[in-house]
Amino acid sequence: MTSSGIHPSLTLWRAPGTGVVARIAEVLGARGVHAARAVVLVPYAQLMNVAREMWALDGQAGFVPRFETTRNWARSAGGFLPTGYDLAFDMARDLVMAQSLLSQAGLGAERLALAGRVVELALQLAPLAAAELPKERDAWARRATRAAEAGYESQWLDTERALVRIAIVWTATSSYATDVLLTEAVRSQVDALVVLDGFQADPLTRKLAALWGEHALHLPLVATQGPPGTAAIHEAADPEDEADQAAACVLRHLAEGRAPVALVATDRALTRRISAQLAAQGVAPHDETGWKLSTTRAAATLMSALRACAHDASSDQVLDWLKGSDAEAVAVQFLEARLRRDGQRDWLTFCAHVARSERPQDAALQSFCEAVEGRRALLMKARPLEEWLPALRKLLQADGRWDALSADLAGANVLSALWLDDDAAEIAGGRHTLAEFSAWVRDVLEAASFVPPTGGQAPRVVVLPLHQLLGRVFGSVVIPGCDDRRLPASPEPPGNWSTAQRAELGLPSRLSLETAQRAAWATALRNPFCELLWRRADATGEPVRPSPLVQALQLDGALAVGTDPRVAREVPLRPTQRPLPSGALLPLQSVSATVYEDLRRCPYRFFALRQLALRSADELDAEVDKRDFGNWLHAVLGHFHEALQAAPSGDPEARFDLMADAARAATRAFGLSQAEFLPFAAAWPAVRDGYLAWLAGHEADGMAFEEAEPWKEQALGALRLVGRLDRIDRTPEGQAFVIDYKTESAATTRERIKEPTEDTQLAFYAALVADDTVRAAYVNVGEKSSGTQTFEQTEVVDARDALVAGLIDDFTRIAEGAALPALGEGMVCEHCAARGLCRKDFWEMSA
Ligand code: SF4
């Protein structure tokens, strides 16, 4: 409160004799106007209720004048439905109309790209046209065209000039809902028009005041004087800190009984962050600025359906769409697991891959994919706009989203903004492809917003733009985003109009916007408690300065430095301990080389990934990488050797052809597109030639291929050792020669065979082969000039025996309840999927 103890807005409305209420009553009394025949125009809608309350609080007897905005007054004075070429202030219809106007103006080819710009221009000019009497709009259009064209002499601006012309003609020939207020009939019903002037003059209000002549009266709502309230500034490090502090400021005001709190929206993302923090504390702000429909979950659902129906949709996009439906949750889960397992990025390639499968267990997946394709087909073809809407409605009904969207508040608004809940024939537009229709949907949802209802109770926190503080009574005001980007002293005027064009057309000038901004700022500061927040740096780390409006206050010494509103809490130290679980109750039946490798490198990793079987989902849209190349190469060599075994040949050309066939078969099996294969294609010739050369030498040593990718199992007490080997050859002596391909650097492979007992893989594979004596080697299939090389583990039999003994011992101890600690050492932790579970980063910090 001010020094007088009264809120400045209350003084403005209710000061005896000088307050707005008293002056309205006095004027009406002096002119002998019955209150019921008077209209009081307020500058924005929320003030209608405020004004009525103030009138009632002031105890004015008898009738109450009508407190209206021009829009509200027009609505009650006569129903209006835009027809024909009228500007409808409905993005869905206006975009279509703009396209049609562009076609008529000879810009049909560019109509889809330019329609948004024409609507934007029309919306800027519409308030000027609507403030003219309908019969005078022709003359206005001529004046406006002259004024606008003065800025577009250059031939480079021909298109812009044409768009402005279209927008002027459109706005001048449109009828407006407020036209009714310009009629004699309405004037005859209202004996006095009182205009409460806000920060900026509205052209229509000015016109109405002129029409009412001496029966109109202006009263200022902006107080130019009055003691400032208590303003404090908070400096935040970054956007997150700013949101934290702003939310804490709001909560502190509420706790200290200064409700309702006005939270000024200077930046949409920042406001949402603060609102989310308040909601987490059980305080739901009422947002008068409205939610952009494009940011709602309902809009995201709809856009995901459109993205998924594109011909070249990725598997991720289709999954994203399908996941929204509960009805198919099980089928979608199965589909996702399969997509991730196969690493299929492209949806159509995956469908073709599944369709080719002859495995009986793929039958259900095949029919699900067919059903999904049936639905996607609904939106694939280009068609006129009026046919798109029923098709989209049909898709939403077919996949079970329609009812959920209709029942949801934001969803119903989305359907209505797109005219999906209505007669689609109302909207008739040209032919659109899916991409063009999606752009139309996006523009419509971006332009529309909705204000969630308050739920009947007076909100304790209200989110509103700065200028809507005018005439409102708030216990306190919090203004985040007081930096030079979000709160400039001189806001950028909307549109690309030059200063001269603005002046000629009657659009608000930069100066008038600055005056309004400063007046709104001064009004905010007159509130009893006002807290301002700014950040030193943006999210990118770029430095930010305080708003010039804040700097001016600082120079005047009119700002106190606010105390951090966040309450410090003592949190007892609770260091994170290394986990030490027991896996005794989770025995494994089979053990592969990689499972045992996990156990040896980190027992906790083994516990989490193997015994608990936790998995992280693989990225579907990840780029094709070196590991994919390795898998592909394994498949190529497998195909090649099987074919060569079936038709043995030492002819290099025949081998070359077999290799080419094998490469094609593997590419097909992996569902790789030509573009995806490109990185492999560059490396492949060198790899192939190096391998064929190595093979010739390998065979010259008497080695013979026996089988590729055989699945092997060996019983070991209660355990079963399992695994798929890359390949088994036979030595000239008839011994098994186990081969494992590697596509890493030769140095890494060499390192593997240095310590026979350290390396699990070859020893484990040797254990999978029934033979007592066996040889084993890594074959490094390299891209470099060194080509393919063999790295044989010469002590593999000893290594195998040691591994088997260790394996029995390890699993016996696990069964007896031995702890499985997180060892957390070396490279193994770098890409470990269990890192979030073992909390390594936390116990390392607390160590
Ligand atoms: S991150 Fe390291 S310590 Fe943690 S489970 Fe993985 S390997 Fe073990």
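So, a few notes on the structure that sits alongside this text. (Residues numbered from 1 in each chain as written. Predicted model: local features only at pLDDT ≥ 70, side-chain atom pairs only at ≥ 80, totals over all residues. Heavy atoms only, no water.)

Side note on the sheet that holds strand S20 (residues 727-730)
Operational definition: Following DSSP output, two strands are said to pair if at least two bridges run between them. Strands are runs of DSSP state E lasting at least 2 residues, helices are runs of H or I lasting at least 4, and numbering of each runs from the N terminus. Interaxial angle, 0 to 180 degrees, is taken between N-to-C directions of lines fitted to C-alpha atoms, where a helix line uses only the stretch in contact.
The five strands are arranged S17-S20-S21-S22-S23 in an open sheet whose pairing can be described as mixed. Sheet topology places strand S17 (704-708) and strand S23 (788-793) at the edges, where each strand pairs with a single neighbour. Within the sheet, the average angular offset between the axes of one strand and its neighbour, ignoring direction, is 30°. Where S17 and S20 come together, four bridges link them in antiparallel fashion. Its bridge partner being in S20, Glu-707 is matched across the sheet by Ile-728.

Some remarks on the environment of Arg-535
The criterion, for reference: When a residue's accessible area, from a 1.4 Å probe over protein chains only, is under 20% of the maximum for its type it is buried; when over 50% it is exposed; and in between it is partly exposed. Whether two residues are in contact is decided by their heavy atoms: any pair within 4.5 Å suffices. Pairs of N or O atoms within 3.5 Å make up the polar contacts considered here, provided that, within protein, one atom can donate a hydrogen while the other can accept it, and that residues adjacent in sequence are counted only when both atoms are side-chain atoms.
Examined against the element boundaries, Arg-535 turns out to sit in strand S14 (residues 529-535). For Arg-535, a relative accessible area of 4% gives the class buried. The spatial distance from the C-alpha of Arg-535 to the C-alpha of Asp-326 is 43 Å, given a sequence separation of 209 residues. When residues no more than four places from it in sequence are discounted, the contact partners of Arg-535 are Ala-236, Asp-238, Pro-239, Glu-242, Leu-270, Asp-483, Arg-486 and Val-544. Engagement of the side chain of Arg-535 in a polar contact is seen with the side chain of Glu-242, the distance being 2.5 Å. In terms of polar contacts, Arg-535 uses its side chain to reach the side chain of Asp-538, at 2.8 Å.

Some words on the sheet that holds strand S2 (residues 66-68)
On the basis of which strands lie adjacent, the open sheet formed by four strands has the order S2-S1-S3-S4 and parallel pairing. With one partner strand each, in any of the chains shown, S2 and strand S4 (216-220) form the two edges of the open sheet. Neighbour to neighbour, the strand axes of the sheet diverge by 20° on average, direction disregarded. Direction of pairing for strand S3 (residues 192-197) relative to S4: parallel, over a ladder of five bridges. Counted as the bridge partner of Asp-197 is Pro-220 from S4. The sheet strands contacting helix H2 (residues 20-31) are strand S1 (38-41), S2, S3 and S4, and the helix crosses S4 at an angle near 160°. Along the sheet face, helix H4 (residues 70-77) touches S1, S2 and S3 and points at about 120° away from the line of S2.

Focus on the packing of aromatic side chains
Basically, it comes down to this: Classification of ring pairs rests on two measures: the distance between centres of Phe, Tyr or Trp rings, Trp counted by its six-membered ring, which must be within 6.5 Å, and the angle between planes, read as stacked under 30 degrees, edge-to-face over 60 and tilted in between. In our convention, an over-ring charge means Lys NZ or Arg CZ found within 6 Å of a ring centre and within 35 degrees of that ring's normal.
Applying the stated rule across the entire model yields 13 aromatic pairs. Summarising the aromatic geometry, the rings of Tyr-596 and Phe-811 are spaced 6.4 Å apart at their centres and angled 35° between planes, so their arrangement reads as tilted. Placement of Tyr-596 in helix H25 (residues 593-601) and of Phe-811 in helix H32 (residues 796-815) is noted, with a sequence separation of 215 residues between them. Taking relative accessible area as the criterion, Tyr-596 reaches 3% and is therefore assigned buried. Given a relative accessible area of 12%, Phe-811 falls into the buried group. Plain terms: the ring middles of Phe-606 and Phe-811 are 5.8 Å apart, the flat faces sit at 85° to each other, and that makes the pair edge-to-face. Taken together, the residues span a long stretch of sequence, with Phe-606 in helix H26 (residues 603-611) and Phe-811 in helix H32 at a distance of 205 residues. Here the aromatic residues Trp-388, Phe-437 and Trp-440 are joined through ring pairs into a cluster of three or more. Of note, Arg-258 hangs over the ring of Phe-529, and the distance from its end group to the ring centre comes to 4.3 Å. Here the basic side chain of Arg-839 rests over the ring of Phe-842, its NZ or CZ set 4.4 Å away from the ring centre.

Here we look at helix H23 (residues 510-525)
The following threshold applies: Multiplying 1.5 Å by the residue count of a helix minus one yields the expected span of that helix.
End to end, H23 covers 22 Å across 16 residues, agreeing with the expected 22 Å (1.5 Å per residue, within 8%). All of the buried residues along H23 are Leu-513, Ala-516, Gln-517, Ala-520, Trp-521, Thr-523, Ala-524 and Leu-525. Tucked into the core, H23 has its buried residues touching strand S5 (230-236), strand S13 (476-479), S14 and helix H24 (548-555).

What about the site of the ligand?
For clarity, the threshold we go by: Note on terminology: near, applied to a residue and a molecule or strand, indicates that one of the residue's heavy atoms is within 4 Å of it.
In the vicinity of the ligand, the contacting residues are Cys-602, Tyr-604, Arg-605, Ala-822, Gly-824, Cys-829, Cys-832, Ala-834, Arg-835 and Cys-838. For the shell around the ligand, the elements supplying multiple residues, two or more each, are H26 and helix H33 (835-838).

As for the pattern of salt bridges
Quick reminder of the rule: Between Lys or Arg on one side and Asp or Glu on the other, a salt bridge is scored when a side-chain nitrogen of the former is within 4 Å of a carboxyl oxygen of the latter.
According to the stated counting rule, one finds 55 salt bridges in the structure shown. Arg-485 is the partner of Glu-542 in a salt bridge, and the nearest nitrogen-oxygen pair spans 3.3 Å. Here Arg-485 lies in the loop between S13 and helix H22 (499-505) and Glu-542 lies in the loop between S14 and H24, a separation of 57 residues in the sequence. With relative accessibility at 45%, the residue Glu-542 sits in the partly exposed group. Between Arg-835 and Asp-841 there is a salt bridge; the shortest N-O distance is 2.7 Å. Look at Arg-835 and you get partly exposed, because its relative accessible area is 23%. Because the salt bridges share partners, they merge into one network encompassing Glu-242, Asp-267, Asp-483, Arg-485, Arg-486, Arg-535, Asp-538 and Glu-542.

Regarding the pairing of S13
Residues Ser-476 and Val-478 line one face of S13 and the alternating positions Val-477 and Ile-479 line the opposite face, and both faces are buried. As defined by bridge partners, strand S6 (residues 261-264) adjoins S13 across three bridges and the pair is classed as parallel. Bridge pairing in S13 links Leu-263 to Val-478. As defined by bridge partners, S13 adjoins S14 across three bridges and the pair is classed as parallel. Bridging from a neighbouring strand, Val-477 pairs with Cys-530 of S14.

Let's talk about the nonpolar core
Worth spelling out the cut-off: We call a set of buried Ala, Val, Leu, Ile, Met, Phe, Trp, Tyr and Cys residues a nonpolar core when their side-chain atoms join them within 4.5 Å.
Of all hydrophobic cores here, the largest spans 89 residues; its most connected members are Leu-335 and Trp-440. If one sorts the elements of this core by residue count, helix H6 (residues 111-130) sits on top with 11 residues. With 55 residues, the next largest nonpolar core counts Ile-24, Val-33, Leu-196 and Leu-217 among its residues.

Re the environment of Gln-611
Take Gln-611: it is sitting in helix H26. A relative accessible area of 9% places Gln-611 in the buried class. Among the polar contacts made by the side chain of Gln-611, one reaches the main-chain carbonyl oxygen of Leu-586 at a distance of 2.7 Å.

Re the packing of helix H14 (residues 315-322) against helix H17 (residues 363-377)
Rules: Throughout, the term roughly parallel applies to angles under 35 degrees, roughly antiparallel to angles over 145, roughly perpendicular to angles from 65 to 115, and oblique to all others. Side-chain classes follow a simple rule in which Ala, Val, Leu, Ile, Met, Phe, Trp, Tyr, Cys and Pro form the nonpolar group, Asp, Glu, Lys and Arg form the charged group, and the remainder, Gly included, forms the polar group.
Where H14 contacts H17, the two axes come as close as 13 Å, and the packing angle between them is 90°. The pairing of H14 with H17 is recorded here as roughly perpendicular in orientation. Across the interface between the two elements, Val-318, Trp-321 and Leu-322 from H14 touch Phe-368, Val-372, Arg-375 and Arg-376 from H17. Classifying every residue of the contact of H14 with H17 gives five nonpolar, no polar and two charged.

Structural notes on a nonpolar patch on the surface
Under the convention used in this document: Put simply, a patch holds well-exposed residues, over 30% relative accessible area, that have no salt bridge, with like charges counted together within 9 Å and Val, Leu, Ile, Met, Phe, Trp or Tyr side chains within 5 Å. Here the Shrake-Rupley method, with its probe set to 1.4 Å, supplies the accessible areas, and only the displayed protein chains count as covering residues.
Nonpolar side chains collect at one region of the surface, where Leu-585, Leu-586, Leu-612, Leu-614 and Leu-837 lie side by side and expose about 460 Å² of accessible area between them. On the secondary structure map, Leu-612 appears in the loop between H26 and helix H27 (626-646). A relative accessible area of 39% means that Leu-612 is categorised as partly exposed.

A short note on the environment of Phe-811
Note: C-alpha distance between Phe-811 and Leu-588 (223 residues apart in sequence) is 9.0 Å. Not counting the four nearest positions on each side in its chain, Phe-811 is found in contact with Val-591, Tyr-596, Leu-599, Phe-606 and Leu-719.

Re the packing of H23 against H24
The criterion, for reference: Helix crossings get a hand from a simple test, with the near helix turned counterclockwise from the far one by less than a right angle marking a left-handed crossing and a clockwise turn marking a right-handed one.
At a minimum axis distance of 11 Å, the contact between H23 and H24 shows a crossing angle of 55°. In terms of orientation, H23 and H24 fall into the oblique class. H24 is crossed by H23, and the crossing has right-handed handedness. Contacts between H23 and H24 pair Gln-517, Arg-518, Trp-521 and Leu-525 from the former with Leu-549, Val-550 and Leu-553 from the latter. For the contact of H23 with H24, the per-class residue count stands at five nonpolar, one polar and one charged.

Some thoughts on the side chain of Glu-68
Assignment of secondary structure puts Glu-68 in strand S2. You can call Glu-68 buried: its relative accessible area is 7%. Only 2.8 Å separates the side chain of Glu-68 from the side chain of Asn-72, close enough to count as a polar contact. Those residues in contact with Glu-68 that lie beyond four places of it in its chain are Val-39, Val-40, Leu-41, Val-42, Met-48, Trp-73 and Ser-76.

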